[in-house]
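# Analysis of the macromolecular model
Here is what each chain is made of, one letter per residue.
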Amino acid sequence: MARIFITGSASGIGLETARQLVAKGHMVAIHARDPERADEARRSLPQAEAIAVADISTLAGIRSLARQIDEFGPFDTVIHNEIGRAHV
């Protein structure tokens, strides 16, 4: 089975994708933009191997996410499911 990391997977399509992959036996790490969404995602998908928390709308957030994912280990697949957010 594959190790898969999915950005933007605390809810919606990303979370459903993670659910389906876990159900097929894959090891899945998910991503949430803040701790509250991470808590919700953990409750929704307790089988997730890991949860990274970072707001990737900023360069600092992208770097933080990269460090966290590095600690989780190598992945066979990365699904980038993040929609850009406008800053006003």
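The text that follows walks through the structure, step by step, so that each part is easy to find. (Residues numbered from 1 in each chain as written. Predicted model: local features only at pLDDT ≥ 70, side-chain atom pairs only at ≥ 80, totals over all residues. Heavy atoms only, no water.)

## Topic: the side chain of Gln68
Selection criterion: Helix numbers and strand numbers start at the N terminus; a helix is a DSSP run of H or I with at least 4 residues, a strand a run of E with at least 2. Contact criterion: two residues are considered in contact whenever any of their non-hydrogen atoms come within 4.5 Å of each other.
Secondary-structure assignment places Gln68 in helix 3 (residues 59–72). Apart from residues no more than four positions distant in its own chain, Gln68 is found in contact with Ile51, Ala52, Val53 and Ala54.

## Quick notes on the pattern of salt bridges
Note the threshold: Any carboxyl oxygen of Asp or Glu within 4 Å of a side-chain nitrogen of Lys or Arg constitutes a salt bridge here. Think of it in three bands: residues with accessible area under 20% of the maximum for their type are buried, residues over 50% are exposed, and the middle band is partly exposed, with areas taken using a 1.4 Å probe on protein chains only.
Across all of its chains, the model carries two salt bridges by this definition. Its salt-bridge partner being Glu49, residue Arg3 comes within 2.8 Å of it at the nearest N-O pair. In this pair, Arg3 is assigned in strand 1 (residues 3–6) and Glu49 in the loop between helix 2 (35–44) and strand 3 (50–53), connecting sequence segments 46 residues apart. Between Glu16 and Arg19 there is a salt bridge, with the nearest N and O atoms lying 3.4 Å from each other. Linking Glu16 with Arg19, this pair stays in helix 1 (residues 12–23), spanning three residues, or about one helical turn. Note on Glu16: relative accessible area 34%, which makes it partly exposed.

## Focus: the nonpolar core
Proteins that are soluble and globular tend to have nonpolar side chains buried together. Stated formally: Residue types Ala, Val, Leu, Ile, Met, Phe, Trp, Tyr and Cys, when buried and joined through side-chain atoms within 4.5 Å, form a set referred to as a nonpolar core.
Judged by nonpolar contacts, the single largest core of 16 residues is most densely connected at Ile4, Ile6, Ala18, Val28, Ile30 and Leu45. No other element matches helix 1, which puts four residues into this core. Discounting residues that sit within four places of it in the chain, Val28 has contacts with Ile4, Ile6, Ala18, Leu21, Val22, Ala48, Glu49 and Ala50. Of all hydrophobic cores here, the second largest spans nine residues; its members include Ala52, Ile56, Leu65 and Phe75.

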